[in-house]
Amino acid sequence: MRGRRRVRRMTGPSGVGIGWRPEIAGFVAELPGLRFVEVVAEGVPASGPLPPGLTQLRDRAVTVVPHGVRLSLGGAEPVDPARVAHLAAVAQRLDAPLVSEHIAFVRAGGLEAGHLLPLPRSREAVDAVCANVARAQAELPVPIALEPIAALLDWPDDELTEADFLTEILDRTGALLLLDVANVHANARNRGADPLALLDRLPLERVAYAHVAGGAEHGGLYHDTHTDPVPTAVLELVGALCARRRPPALLLERDGHYPPAAELRAELDALASAAGFPAVT
Amino acid sequence: MTGAGSAPTPRAGLAERQAELVAALVAGGEPPTGFAPGPLAATRAALLRKRAGEVARHWPLLAAGLGARWSTTFTDWAAGRPTAGSLRDGWDLARALHDRHALPPAAAEELAVREARLRYDGVRAPRPRRVPAVGRAGGAVAVQIAGRVRLLRPAPRVSTRAGDGVPDAAGSELWISD
């Protein structure tokens, strides 16, 4: 029986995982080797019944990492304490070993952007993120991993390179890194930069786990859609990352236009193979 | 949240710049100084696509009823109009289409059911109705008693144009990630 105050935590993310979504809960439930999923934190209630699929995974001792998307840690304004409290409550009830969020902002001046927007790579933005991460860390029961996003625009205010910007935030906050390989590909492709050069400059020993997702080219830009297959270039970048330092875990994100189960299984297998992890299918 | 009205801080510059950028992306605001127009337009379009997918998940019959026209119908309506959340966005759009007699039958039924269940004044968040209510839209009639809603009369199917495709129901406000 579980005690009133659970201190037992699942082990950290390991191997190949997948983003748990209600639409593919049945598919995820039937992956025999699965040890790790991620769930969008804002979709999990802080009290009341959990989605049944999540409860089953917990009963199988699958690690569930809450992934926030609406905290707006990069906002100039202080992070909303109610949103931090929700993330903390979800981490607690899922016995999560860590939580994750983005280096981004999603609202400003009373308006919701509706999705993650990039920060200027300025010292002022570094200060704002670090202050908000510290506010969150003060309330969270577990460590936080920070994810750099894919951006279609850059600020004219940029002062730091991407590697320096990210490294300074990680150094000052002590946070872990959630490295999204598809975002690295997208940004490099859209800025005409070398994704390997960024991998060479990031503190890869701080990676808690990595994201991989699909995308597509529209209008001369690569869009990180999460609704298309994972391109070969992204899989190759997974291989390049693992050759430098393999992260403890890799997670496939799919957020719509769900393919037949066989195709999704093949993507998970391709990820496992690119990283040298055991297949979970 | 702390917000407008708080004393100026050393971060005022960043706060203003972020507010200008969001307004330019979702509320038809002037582009902030120094941003290239192409990437701004690409970001604006990407935000609308994400938002269309989220609203389609909250209003599946609205999106399915419009079929192949869903994407452009939504983005034409939503461009320059900041989101009020997916529930209210879809509700406002459904009412606007209803007023133009452009609401497909399945979407009219979805709207009638919502109107019967929740009170929505177009300004504040919808709230459950405390007393029995009837919801009507495009000939559809739904009734709510003690929180239970039944569609009493379906909307008449007079056209063959509805349901001519599958909506982009990718992701939702609650489940989409990055």
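Along each chain, numbering runs from 1 in the same order as the chain's sequence is written. Chain A is the first chain written and ligand 1 is the first ligand written, with later ones labelled in order. Predicted model: local features are reported for residues with pLDDT of at least 70 only, side-chain atom pairs are reported and counted for 80 or more only, and whole-chain, interface and lining totals are derived from all residues. The side-chain values count all of the structure's non-hydrogen atoms but skip hydrogen atoms and water molecules.

**Q** Whenever I open this one, the overall build of chain A confuses me. Can you help?
**A** Along the backbone of chain A there are nine helices and 12 strands. Computation of the radius of gyration draws on C-alpha atoms alone. For the globule rule, the value is 2.2 Å times the number of residues to the power 0.38. For 281 residues, the compact-globule formula gives about 19 Å, and the C-alpha radius of gyration of chain A, at 18 Å, lands near that figure. Relative to its full complement of 281 residues, chain A shows a buried share of 60%. Surface accessibility of chain A: about 10,300 Å² in total, with carbon and sulfur atoms responsible for 53%. Positive charges come from Lys and Arg alone, negative charges from Asp and Glu alone, with His and the N- and C-terminal ends not counted. Charge positions come from single atoms, namely NZ of Lys, CZ of Arg, CG of Asp or CD of Glu. Separation of charge centres in chain A, based on 27 positive and 35 negative side chains, amounts to 9 Å. What counts as a helix is a DSSP run of H or I of at least four residues, what counts as a strand is a run of E of at least two, and both are numbered from the N terminus. Accessible area is worked out with a 1.4 Å probe on protein chains only. A residue is then buried under 20% of its type maximum, exposed over 50%, and partly exposed in between. Surface exposure here means Shrake-Rupley accessible area, sampled with a 1.4 Å probe, where a residue is shielded only by the protein chains that are shown.

**Q** I keep staring at the packing of helix 5 (residues 86-99) of chain B against helix 6 (residues 105-117) of chain B and nothing clicks. Help me out?
**A** When two helices pack together, their arrangement is given by the angle between their axes and by how far apart the axes lie. All names here are of chain B. For helices, the axis comes from a line fit to the C-alpha atoms of the stretch in contact; other axes are also lines fit to C-alpha atoms, and the angle between any two N-to-C directions lies between 0 and 180 degrees. Closest axis-to-axis distance for the helix 5/helix 6 pair is 11 Å, and the angle between their directions is 120 degrees. Judged by the inter-axis angle, helix 5 sits oblique to helix 6. For helix 5 against helix 6, the interelement crossing comes out left-handed. Facing helix 5, whose interface residues are L87, W91, A94, R95 and H98, helix 6 presents L111, R114 and E115. Orientation is classified from the angle alone, with under 35 degrees giving roughly parallel, over 145 giving roughly antiparallel, 65 to 115 giving roughly perpendicular, and any other angle giving oblique. In a left-handed crossing the near helix is turned counterclockwise from the far helix by less than a right angle, and in a right-handed crossing that turn is clockwise. What makes two residues a contact is simply this: any of their non-hydrogen atoms within 4.5 Å.

**Q** Looking at this structure, how should I read the interface of chain B and chain A?
**A** One frequent convention defines the size of an interface as the accessible area lost when the parts assemble. The partner chain A presents 59 residues to the 42 residues of chain B that form the contact. Put simply, buried area is how much 1.4 Å-probe accessible surface two parts lose in total, over both of them, once they are put together. Of the roughly 3,900 Å² buried at the junction of chain B and chain A (both faces included), carbon and sulfur atoms supply 63%. Throughout this description, the term salt bridge denotes a Lys or Arg side-chain nitrogen within 4 Å of a carboxyl oxygen of Asp or Glu. Put simply, chain B and chain A have two salt bridges between them. Notably, a salt bridge pairs B:R57 with A:E23, separated by 2.3 Å at the nearest N-O pair. Polar contacts, as used here, are pairs of N or O atoms within 3.5 Å; protein pairs need one atom able to donate a hydrogen and one able to accept it. Residues neighboring in sequence count only if both atoms are side-chain atoms. In this structure, the connection of chain B to chain A is made through six residue pairs in polar contact (both at pLDDT 80 or more). When residues of the side of chain B that touches chain A are traced back to their parent elements, those giving at least two are helix 1 (12-26) and helix 2 (37-58) of chain B. Sorting elements by how many residues they give to the side of chain B that touches chain A places helix 1 of chain B first, with 12 residues. Among the residues forming the side of chain B that touches chain A, the class breakdown is 23 nonpolar, 10 polar and nine charged. Residues are grouped as follows: nonpolar covers Ala, Val, Leu, Ile, Met, Phe, Trp, Tyr, Cys and Pro; charged covers Asp, Glu, Lys and Arg; every other residue, Gly included, is treated as polar.

**Q** Is there a simple way to explain the confidence of the model for chain B in this structure?
**A** Detailed reading of the predicted model is not advised wherever pLDDT is low. Residue and element names in this part refer to chain B. For chain B, per-residue confidence averages 85 on the pLDDT scale, and residues scoring 70 or more make up 82% of the total. Every residue in residues 1-12 scores below 50 in pLDDT, and together they form 14 contacts with partners more than four places removed in sequence or on other chains. You can read pLDDT as the predictor saying how much it trusts each residue, on a scale of 0 to 100. In the predicted structure, residues 162-178 sits below a pLDDT of 50 and forms 78 contacts with residues beyond four places in sequence or in another chain.

**Q** Help me understand the pairing of strand 8 (residues 176-180) of chain A in this model?
**A** For a regular strand, the rule is simple: side chains alternate between the two faces of the sheet. Residues and elements named next belong to chain A. Across the five residues of strand 8, four count as buried, placing the element largely inside the fold. Strand pairing is defined by DSSP finding a minimum of two bridges between the two strands. Relative to strand 8, strand 7 (residues 144-148) runs parallel, the two being bridged by two bridges. Along strand 8, the bridge assignment pairs L146 with L177. Crossover handedness is defined here as right-handed if the route from the first strand over the helix to the second strand goes clockwise, with the strands pointing away from the viewer. Viewed along the sheet, the connection from strand 7 through helix 5 (residues 162-173) into strand 8 turns out right-handed. Pairing between strand 8 and strand 9 (residues 207-213): four bridges, direction parallel. Along strand 9, the bridge assignment pairs L179 with A210.

**Q** Please clarify how helix 3 (residues 81-93) of chain A should be interpreted in this entry.
**A** Working note: α-helix, 3.6 residues per turn, so residues spaced by three or four point in the same direction. Residues and elements named next belong to chain A. Spanning 13 residues, helix 3 covers 18 Å between terminal C-alpha atoms, matching the ideal 18 Å at 1.5 Å per step. Listed as buried for helix 3 are V84, L87, A88, V90 and A91. Projection of helix 3 onto a plane perpendicular to its axis shows the buried side chains occupying an angular sector of 165 degrees, all on one side. Exposed and facing more than 90 degrees away from the buried side of helix 3 are P81 and A82. On its buried side, helix 3 packs onto strand 3 (63-67), strand 4 (99-103) and helix 4 (123-139). By the N-cap criterion, in which a side-chain oxygen at the helix start approaches the backbone nitrogen of a residue two or three places on, helix 3 is capped by D80, the distance to A82 being 3.0 Å. Given the number of residues in a helix, its expected span is that number minus one, multiplied by 1.5 Å. Working note: the arc is built from the helix axis to C-beta atom directions.

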